[in-house]
Amino acid sequence: MTATSALLPTTTDPQDISIVSELMYQLKVRDVMTRTLYTATPANTLRDVQHIMRDRKISGVPVVENMRLVGIVSLDDIIRALDGGEIEKPVAEKMTRHVFTVEEHVSVVKAIDEMEKKGFGRLPVLNKAGELVGLITHWDVVRTLLEMLQEVAMQAEKRERTLQPTEAQRDAAQNVTVLEYTVEKDDFENAGRASSAVKKYLQSRSVDPALIRRVAVAMYEAEINIIIHSLGGRMTARVYPDHIHVSAVDTGPGIADISLAMKEGWSTATEKVREMGFGAGMGLANIKRCADRFQIESCLGKHTELNYEVDFIAKPAATA
Amino acid sequence: MTVRECMAKLDAELVAGEDDLNKTVESVAASDLLSDVLATPKHNFILLTGLCTPQVVRTAELMGGVAIVFCRAKYPPQEAIGMAKVHGIPLLCTRLPLFEACCRLAGHGLEKA
Ligand SMILES: Nc1ncnc2c1ncn2[C@@H]1O[C@H](COP(=O)(O)OP(=O)(O)O)[C@@H](O)[C@H]1O
Ligand SMILES: [Mg+2]
């Protein structure tokens, strides 16, 4: 990871460093990969591949059949075929069939890790259906990171210039700041990112840490519920001067019996989810405990909506 | 007790967070269930767990946990290490199982969770 972390600024505001590194972990292979692919089919000859390599100035050509990656031909394979007088043979006979790949939805950090472990400078990228959708190289990562850093720097500059007036305008106009996040089904990798962002925002407003913790814990449980129980949804935090309102809305199976779902220990989570440390059936009860006001409603087979509020005045009853 | 002292008691290896080893630990949270941890009223806790996912770090971050110990020599994934560095949470690895790790920390003025 040295290659990427070396790009992080070391002397700026810690807030900005954390934005950059969070971005880096957020970046997915599909965000950086090259989508323009030059491929061959098993029926092509090695000569065809040699020409692709020469014309496109590339050193590896994926072999594809019905959208599926079935092998790869490297420059080495071509040189060997030339040496052995086998350059007119079909690709199917000489290609490497065991190809290391990476999936498009994994993080870039993980992909770099794989490349380093396997000692390859490039990996073919597959989608969830197993189809070849791109190629990732070290260079793709560096280029995107540089673009991203530039963007972050520009935003930081803009923020600095406009921070005071916006804050004042916002407060005068409506007294509310709205933070919104999409939460996807099964997206464990990003679980808690919305909660973490809201926590950071409340810290910037100097809200009491004990209150922030209640907001964040409740939000994390709600976020996890969308990830593990629904088909996906949205979380919205509305920050008023004296309280925060959080809503978690999803489409999905809904909840048949809400009072049962509220019972500690009752859960429909799968074994896989439990192995990850979730699905103990304590989430909803904990959200209610953290909140000053709590409400949940659900339409079976359609959606679930959860709303809670936390006041920015410490309450003795607060536990979490 | 400091994170550094906990590290010594657990014969643990440091994975990330060298700069934050002098932070004070006031209590112990030990669980393989993140919802359990999310329900604890403890503050400034060190989290001992057999889980080894980025969500462990997220949980500690959101709750203001001081440090994390991965038990039974599990080594955390890169995402977990990155997140821990960003948020200044030391990550430790120990060969001890969860129960024995708890025993080693018991009786040093730490509250149990
Ligand atoms: N957004 C949701 N959509 C569908 N079902 C849900 C949702 N949230 C909670 N549930 C149901 O309520 C149960 C209890 O939720 P919770 O207390 O968070 O425990 P857990 O998530 O650990 O199962 C879940 O197991 C699930 O059956
Ligand atoms: Mg839950």
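Residues numbered from 1 in each chain as written. Chains lettered and ligands numbered in written order. Predicted model: local features only at pLDDT ≥ 70, side-chain atom pairs only at ≥ 80, totals over all residues. Heavy atoms only, no water.

(A) Layout of the pairing of strand β2 (residues 68-74) of chain A. Residue and element names in this part refer to chain A. Here strand β1 (residues 60-65) pairs with β2 via six bridges, running antiparallel. Counted as the bridge partner of Val63 is Gly71 from β2. The turn joining β1 and β2, which pair antiparallel and follow one another in sequence, is formed by two residues; a positive phi near 50 degrees is taken by Asn66. (Pairing = 2+ DSSP bridges. Helix = DSSP H or I, 4+ residues; strand = E, 2+ residues; numbered from the N terminus.)

(B) Summary view of the packing of aromatic side chains. Residue and element names in this part refer to chain A. Inspection of every chain in the model, using the stated rule, returns three aromatic pairs over all chains. Plain terms: the ring middles of Phe100 and Phe120 are 5.8 Å apart, the flat faces sit at 45 degrees to each other, and that makes the pair tilted. Linking Phe100 in the loop between α6 (91-94) and β3 (102-103) with Phe120 in the loop between α7 (108-118) and β4 (122-126), this pair joins segments that are 20 residues apart in sequence. The exposure class of Phe100 is partly exposed, given its relative accessible area of 33%. By relative accessible area, Phe120 is classed as partly exposed at 36%. Between Phe188 and Phe278 the ring centres are 6.3 Å apart and the planes differ by 20 degrees, which places this aromatic pair in the stacked class. Placement of the pair is Phe188 in the loop between β6 (177-184) and α9 (193-204) and Phe278 in the loop between α12 (271-275) and α13 (283-290), with a sequence separation of 90 residues. (Phe/Tyr/Trp six-rings, centres within 6.5 Å; stacked < 30°, edge-to-face > 60°. Buried < 20%, exposed > 50% of the residue type's maximum accessible area, 1.4 Å probe, protein only.)

(C) Representation of the pattern of salt bridges in the model. All names here are of chain A. For the structure on display, the rule yields 21 salt bridges over all chains. Put simply, Asp113 and Lys117 hold a salt bridge, and the shortest N to O gap is 3.9 Å. Of this pair, Asp113 and Lys117 both sit in helix α7, separated by four residues, roughly a single helical turn. Shared partners join several salt bridges into a network, and the residues in it are Glu86, Lys89, Glu93 and Lys94. (Salt bridge = Lys/Arg side-chain N within 4 Å of Asp/Glu carboxyl O.)

(D) How the structure looks around the site of ligand 1. All names here are of chain A. The environment of ligand 1 is formed by 18 residues, the closest being His229, Asp250, Ser267, Thr268 and Gly281. Within the contact set of ligand 1, an oxygen atom lies 2.9 Å away from a side-chain nitrogen or oxygen of Asn225. Within the backbone of Ala280, an N or O atom sits 3.1 Å from an oxygen atom of ligand 1. For the shell around ligand 1, the secondary structure elements donating two or more residues are α10 (209-229) and α13. It is α10 that provides the largest number of residues to the shell around ligand 1, a total of three residues. For the shell around ligand 1, the residue count by class is eight nonpolar, nine polar and one charged. (Near = heavy atom within 4 Å. Polar contact = N/O pair within 3.5 Å; in protein donor to acceptor, adjacent residues only side chain to side chain. Nonpolar A, V, L, I, M, F, W, Y, C, P; charged D, E, K, R; others polar.)

(E) Structural detail: the confidence of the model for chain A. Residues and elements named next belong to chain A. When pLDDT is averaged along chain A, the result is 85, and 84% of the positions lie at 70 or above. Every residue in residues 1-12 is under pLDDT 50, and counting partners more than four places away or in other chains gives 17 contacts. Segment residues 163-169: pLDDT under 50, and two contacts once partners within four positions in sequence are set aside and those in other chains are kept. (pLDDT = per-residue confidence, 0-100. Contact = heavy atoms within 4.5 Å.)

(F) Examining the packing of helix α3 (residues 54-63) of chain B against helix α4 (residues 78-87) of chain B more closely. Residue and element names in this part refer to chain B. Their axes nearest at 8 Å, the elements α3 and α4 cross at an angle of 20 degrees. Of the possible angle classes, the one that applies to α3 and α4 is roughly parallel. When the axes of α3 and α4 are compared, the crossing they make is left-handed. Contacts between α3 and α4 involve Pro54, Val57, Arg58 and Glu61 from the former and Glu79, Ala80, Met83, Ala84 and His87 from the latter. Per-class residue counts for the contact of α3 with α4 are five nonpolar, one polar and three charged. (Axes fitted to C-alpha atoms, helices over the stretch in contact; angles between N-to-C directions. Parallel < 35°, antiparallel > 145°, perpendicular 65-115°, else oblique. Left-handed = near helix turned anticlockwise from the far one by under 90°.)

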